[in-house]
Amino acid sequence: MVQLDSVTKVYQKKHSSVTALNEFDLQVKKGEFVVVKGPSGSGKTTLLLAIGGMLRPTSGIVTVNGNDIYDLSEKKRAKFRAENIGFVFQLFHLLPYLNVYENILLPDGVAANRAGLTEVKEILDRLRLTDRAYHKPGELSVGERQRTAIARALLNGPDILLADEPTGNLDSENAAQVMDYFAGFHNNGGTVIVVTHGNEAEQYADRTIYLNNQLL
Ligand SMILES: Nc1ncnc2c1ncn2[C@@H]1O[C@H](COP(=O)(O)OP(=O)(O)OP(=O)(O)O)[C@@H](O)[C@H]1O
Ligand SMILES: [Mg+2]
């Protein structure tokens, strides 16, 4: 389902470079729930972005659902991402000038499996956002923003959910709720890879992998 073969990512700056991932190997099976842990700067976000088709590694191969994703054209990769992968970003990445409804529909445009109005209504309902559908992110609580980001990631029924510290800014009640959504997705056969410092995810996780970049 997800396979990384000797993936290296070097961020090149003018006068310095940072090796965020160094010949990293990983195999995640379909339906697995994997937690990623590691200190700040150890490459967790880099790893998720590389798996999510948003960051081309310096070397190595990333295979998702049998596709060498960086071998695809940019356009095909964007389509593949929209149809197969749900991504919850570390800082939500909601567009401030779009309301909840519009933010949720954002990646939908490029997907062939486009969601209908019923699905949008359903996901708003499931994430308790129906009453906030016409609010912009600035008019939402942090928990509501996070649920909007999760609704957006789940709308097209992805196979894989990648989430970068989805509970980092939430109180324990909201954090537990987020993990319940992830567990539901997982129970329906979805593959989950989640970066978290907290312990909420571990009761659901099949295993935890630790990143510890010694090169920094
Ligand atoms: N665009 C970039 N340009 C240069 N260096 C970068 C860039 N993005 C990340 N890095 C560096 O790569 C390393 C890994 O970053 P990454 O964001 O993957 O860490 P992380 O494990 O997600 O950290 P955190 O827990 O703080 O979110 C860090 O040392 C960071 O400074
Ligand atoms: Mg990070």
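Residues numbered from 1 in each chain as written. Chains lettered and ligands numbered in written order. Predicted model: local features only at pLDDT ≥ 70, side-chain atom pairs only at ≥ 80, totals over all residues.

J.: Can you lay out unusual backbone geometry for me, pointing to particular residues and giving the numbers?
T.: One non-glycine residue with positive phi stands out, namely Asn65, at about 50°. Summarising the element assignment, Asn65 is placed in the loop between strand E4 (59–64) and strand E5 (67–68). On the basis of neighbour counts, which here come to 15 C-beta atoms within 10 Å, the residue Asn65 falls in the partly exposed class. Look at Glu165: it is not a glycine, yet its phi comes out positive at around 45°. For Glu165, the position within the fold is in the loop between strand E7 (160–164) and helix H6 (172–187). (Helix = DSSP H or I, 4+ residues; strand = E, 2+ residues; numbered from the N terminus. Buried ≥ 20, exposed ≤ 12 C-beta atoms within 10 Å, placed from the backbone.)

J.: Which residues make up the sheet that holds E5, and what values go with them?
T.: Hydrogen bonding along the main chain pairs the strands of a sheet, whether they run parallel or antiparallel. Across the sheet, which stays open at both edges, the four strands sit in the order E2-E1-E4-E5 with antiparallel pairing between neighbours. Each edge of the sheet is formed by a strand with only one pairing partner; in this case those strands are strand E2 (17–28) and E5. Relative to E2, strand E1 (residues 2–12) is paired through eight bridges, and the arrangement is antiparallel. Its bridge partner being in E2, Leu4 is matched across the sheet by Leu26. Of the strands in this sheet, E1, E2 and E4 touch helix H1 (residues 44–51), which is tilted by about 120° from E1. (Pairing = 2+ DSSP bridges. Contact = placed C-beta atoms within 7 Å. Axes fitted to C-alpha atoms, helices over the stretch in contact; angles between N-to-C directions.)

J.: Describe in detail the sheet that holds strand E6 (residues 85–88), supporting the description with residues and values.
T.: Ordered by their spatial adjacency, five strands build an open sheet running E6-E7-E8-E3-E9, and the pairing between neighbours is parallel. The open sheet has two free edges, formed respectively by E6 and strand E9 (207–210), since each of these has just one partner strand. The average angle at which neighbouring strand axes cross in this sheet is 15°, direction not considered. Inspection of the sheet shows E6 paired to E7 by four bridges, in the parallel sense. Residue Phe87 lies in a different strand from E7, and its bridge partner there is Leu162. Lying over the sheet, helix H5 (residues 142–154) contacts E6 and E7, oriented at roughly 170° with respect to E6.

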